[in-house]
Amino acid sequence: MIMNLVSKSTLLGAALACLSATASAQMLINGAGATFPYPIYSKWFDEYAKVDPSVRFNYQSIGSGGGQKQILAQTVDFGASDGPMSDDNLGKAPGKILHIPTVAGADVLSYNLPGDPKLKMDGQTIVDLFLGKITKWNDPRITGQNPEVKLPDVDVVVVHRSDGSGTTYIWVDYLSSVSKEWESKVGRGTSVNWPAGLGGKGNEGVTGQIKQLPGAVGYVELAYAIQNKLPYAAVKNSAGTYISPTLQSITAALATAKIPEDFRFSMVNPPGEKAYPIAGCTWLLVYEQQKDSAKGKKLVEFLNWAITKGEGMAESLNYAALPESVQKQVLDRIKTIKY
């Protein structure tokens, strides 16, 4: 009996030592940035741990502005952003930063109204809401597009992002594309001076504000609206059709995008009857020349997996996968990363 206990104790000690060695041998790759793709990136990192248990990803969902700042400061191994980096920001980098597109998603206009009605909105009405020109939900500009819905005489409470955000970039890129007034007064960027409303941090923060505040209206990434059972509007596209954000309508928007050599592109307000107008791509930001050879090798292996195997997981989380032709271009770009 004593011998049996000793042998079990020895085996347990050996197993713990083995686990400890595995844990200490595990490489940690740090990333930070966009909240827009956080649901799918979390899925990818979990799944990839099964593919390569020697590496673990630590991703901080802090917003695209934060992701751009941290990759510039080289405090992370990769950044993430839904707005492409500006020429000015790229010029500040200590080395060449590559934009690696991953998936496309949609910004949705979400709201808190009795009965969760399915609303229709055109671009100008959305602009007027966010400029603070529409202050009541029964405003004729909204009721005129939704005659079948009994809209209440309730104050509109605009909710927007308080942090630097790629979700914001896609949103204001769209508003600028449909309104000269918005473009001149507010403009584009991951962070803007909002004419009206309350701020929330991250897609999570805006989602929480909308859920809590009667009469609230804000913009969040589609996956967050679906996960939190928030209603969202069908938006009038450039062809004059009210389109709901779906995998198909995001894919239709992505199919029309003109993708340049550096992969920095916009896909808002595209042509086509089936295209949802407020969609955007999201990018991982990595240095072409990796400082740490071992980490660089592991990061490249992950990127190759993400753009091939990972893309197949996009649909289940309401993101559009990159078309195969674009996947091939991205894989060629990944080959240029040096470590």
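In this text, all values refer to a predicted model and were calculated from it rather than measured experimentally.

Participant: Hey, could you run me through the packing of helix α12 (residues 293-308) against helix α13 (residues 324-334) in this one?
Facilitator: At their nearest, the axes of α12 and α13 sit 10 Å apart, and the two run at 175 degrees to each other. Between α12 and α13, the angle falls in the class roughly antiparallel. Counting all contacts with α12, which are made through Val300, Leu303, Asn304, Ile307 and Thr308, the residues of α13 involved are Gln327, Val330, Leu331 and Ile334. Split by residue class, the contact of α12 with α13 holds six nonpolar, three polar and no charged.

Participant: Got a minute to help me understand the side chain of Glu311 in this structure?
Facilitator: Along the chain, Glu311 turns up in the loop between α12 and β12 (320-321). Polar side-chain contacts of Glu311 include one of 2.8 Å to the backbone nitrogen of Leu322. Setting aside residues up to four positions removed in sequence, Glu311 forms contacts with Trp44, Thr102, Val103, Ala306, Ala321, Leu322 and Gln327.

Participant: Please explain the sheet that holds strand β10 (residues 242-243) as it appears in this structure.
Facilitator: Read across the open sheet, the three strands follow the order β5-β9-β10; overall the sheet is mixed. With partners counted over all chains shown, the strands left at the sheet margins are β5 (120-121) and β10, one partner each. By the bridge criterion, two bridges tie β5 to strand β9 (residues 234-236) in an arrangement that is parallel. In the strand pairing of β9, Met121 is matched with Val235.

Participant: Whenever I open this one, the pattern of salt bridges confuses me. Can you help?
Facilitator: Applying the stated rule across the entire model yields 23 salt bridges. A salt bridge links Lys50 to Glu47; the shortest N-O distance between them is 3.2 Å. Here Lys50 pairs with Glu47, and both are found in helix α2 (residues 38-51), just three residues apart, close to one helical turn. Classification of Lys50 as exposed rests on a relative accessible area of 61%. Residues joined by salt bridges that share partners form a network here, namely Asp52, Lys297, Lys298 and Glu301.

So, how was this worked out
Residues numbered from 1 in each chain as written. Predicted model: local features only at pLDDT ≥ 70, side-chain atom pairs only at ≥ 80, totals over all residues. Heavy atoms only, no water. Axes fitted to C-alpha atoms, helices over the stretch in contact; angles between N-to-C directions. Helix = DSSP H or I, 4+ residues; strand = E, 2+ residues; numbered from the N terminus. Parallel < 35°, antiparallel > 145°, perpendicular 65-115°, else oblique. Contact = heavy atoms within 4.5 Å. Nonpolar A, V, L, I, M, F, W, Y, C, P; charged D, E, K, R; others polar. Polar contact = N/O pair within 3.5 Å; in protein donor to acceptor, adjacent residues only side chain to side chain. Pairing = 2+ DSSP bridges. Salt bridge = Lys/Arg side-chain N within 4 Å of Asp/Glu carboxyl O. Buried < 20%, exposed > 50% of the residue type's maximum accessible area, 1.4 Å probe, protein only.

Any link to function would need more than the numbers given here.
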